[in-house]
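# Notes for the structure review
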Amino acid sequence: MADSIMSKAATMEIPINSNGDTGTLTEDDSLERNSDLQQVMVSGPNLNETSIVSGGYGGPAGGIIPTSTIKGSSNHNTSNSTEEVTRGVAVEKLDSVKKWGINTYKCTKQMFSERFGRGSRTVDLELEAQIDVLRETKSKYENILRLATALISHFQSMVQTQQALGDTFTDLSQKSPELQDEFGYNAETQKLLCKNGEALLGAINFFVSSINTLVNKTMEDTLMTIKLYENARLEFDAYRSDLEELSLGPRDAATMVRIEMAQHDYQIHRDKYERLRSDVTIKLKFLEENKVKVMHKQLLLFHNAISAYFAGNQQQLEQTLIQFNVKLKPPGSDKPSWLEEQ
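Calculation notes
Residues numbered from 1 in each chain as written. Predicted model: local features only at pLDDT ≥ 70, side-chain atom pairs only at ≥ 80, totals over all residues. Heavy atoms only, no water. Helix = DSSP H or I, 4+ residues; strand = E, 2+ residues; numbered from the N terminus. Buried < 20%, exposed > 50% of the residue type's maximum accessible area, 1.4 Å probe, protein only. Contact = heavy atoms within 4.5 Å. Salt bridge = Lys/Arg side-chain N within 4 Å of Asp/Glu carboxyl O. Phe/Tyr/Trp six-rings, centres within 6.5 Å; stacked < 30°, edge-to-face > 60°. UniProt positions renumbered as here; feature names shortened; annotations may be inferred. Patch = residues over 30% accessible without salt bridge, like charges linked within 9 Å, V, L, I, M, F, W, Y side chains within 5 Å. Areas by Shrake-Rupley, 256 points an atom, 1.4 Å probe, with all protein chains shown as cover. Axes fitted to C-alpha atoms, helices over the stretch in contact; angles between N-to-C directions. Parallel < 35°, antiparallel > 145°, perpendicular 65-115°, else oblique. Left-handed = near helix turned anticlockwise from the far one by under 90°. Nonpolar A, V, L, I, M, F, W, Y, C, P; charged D, E, K, R; others polar.

Naming follows an unreviewed UniProt entry, where the chain appears as ADP-ribosylation factor interacting protein 2a of Lates calcarifer.

Before going further, it helps to spend a moment on the side chain of Glu 235. Structurally, the position occupied by Glu 235 is in helix α6 (residues 180-248). Among the residues examined, Glu 235 registers a relative accessible area of 14% and is labelled buried. Excluding anything up to four places from it in sequence, Glu 235 contacts Asn 103, Cys 107, His 269 and Lys 272.

Applying the stated criterion across every chain yields a total of 13 salt bridges. Salt-bridge contacts for Asp 237 lead to Arg 233; the nearest nitrogen and oxygen are separated by 2.6 Å. Residue Asp 237 and its partner Arg 233 are both found in helix α6; the two are separated by 4 residues, about one turn of the helix. A residue is classified by how much of its surface remains accessible, and Arg 233, at 9% relative accessible area, is buried. Across the salt bridge formed by Glu 235 and Lys 272, the nearest N and O atoms sit 3.5 Å from each other. Of this pair, Glu 235 sits in helix α6 while Lys 272 is found in helix α7 (residues 253-310), placing the two residues 37 residues apart along the sequence.

Our next topic: the packing of aromatic side chains. According to the stated counting rule, one finds 7 aromatic pairs in the structure shown. Taking 4.9 Å as the distance between ring centres and 90° as the angle between the ring planes, the aromatic pair formed by Tyr 309 and Phe 310 counts as edge-to-face. Residue class for Phe 310 comes out exposed when judged on its relative accessible area of 63%. By way of ring pairs, the aromatic residues Tyr 229, Phe 236, Tyr 266 and Tyr 273 are connected into one cluster.

Once that is clear, we can look at the environment of Gln 263. Structurally, Gln 263 is set in helix α7. You can call Gln 263 partly exposed: its relative accessible area is 38%. As for Gln 263 and Glu 244, which are separated by 19 residues in sequence, their C-alpha atoms are 9.7 Å apart.

In the numbering used here, UniProt assigns the feature "coiled-coil region" (unreviewed entry) to residues 259-290. Between the C-alpha atoms that bound residues 259-290 the distance is 46 Å, and the span itself is 100% helix and 0% strand.

Side chains of Met 111, Phe 112 and Phe 116 sit close together on the surface and give an oily, nonpolar patch of about 300 Å² of accessible area. Phe 116 sits in the exposed class, given a relative accessible area of 56%.

The N-to-C vectors of α6 and α7 enclose an angle of 165°; their axes lie 7 Å apart at closest approach. Between α6 and α7, the interaxial angle falls into the category roughly antiparallel. In terms of crossing hand, the pair formed by α6 and α7 is left-handed. Here the residues of the contact of α6 with α7 are counted per class, giving 32 nonpolar, 12 polar and 13 charged.

Next up, the structure:
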């Protein structure tokens, strides 16, 4: 009986005014309510600090999502991705430095072992002999280059002296009527020698330029490849020695993993060594062919030009320059222009 009365009382309609309160409000209560409402509006929460309820009314607090989190989510994701990229680059650089350090240590150890006779090295006797011949040949060709350059310097001074002497004879032939013929003959002779000297200088300059290209470009390029080959040989022997030492040790699980890794590194450096050895062999072959071809032409030019000059055969000297496509510089081309002298 009491339960039925309570249920009826709970379902009874309760009159509510416009402010949501039951009954009528006094004037004092109305003023107090209005002041409270103004205070709430002034000191209300910031929109940036409000929350969004993900569930229904009266749901659990776990469904509330702060709006500040939504506003800064894109910036947060961008900063995270930037940090990940930076971290990845740093890790990659660290791994590179680590590998370089290990490789340098192994190569230094192998180098000292070879120097003090405690380590073995891979030797290709035929290739090593060809490399020694190339280095000796380059040294001798550099000596030819120095001597030919010195010859150009001395001979150019002689040609300039002949030019000045011919000009002096010409001037004296005009001012000395009694010796006009004698000064005139000598002036013509010096001018002819000067002309032939300039032709010979052109031939020797062409000779020096070709030798310089052969020595400082073609041979130097081959020697750079040889240097790479020698470094690869040292690395190959270093990793080979490391693999041999591990193979002689115990065969537990950890050692087997290290042996497998050493075998992988050994194969990589072996392939690199064999590839560079093949490159050196090919370059040495082509270099020898090119050297013979170039030197055959240049030595013939040098011989014919020198012989024609000192024989006084101007026609043969000119034909030699035409035969080898030697072009002479016009007189005064080496002098700076008037604009450069300002």
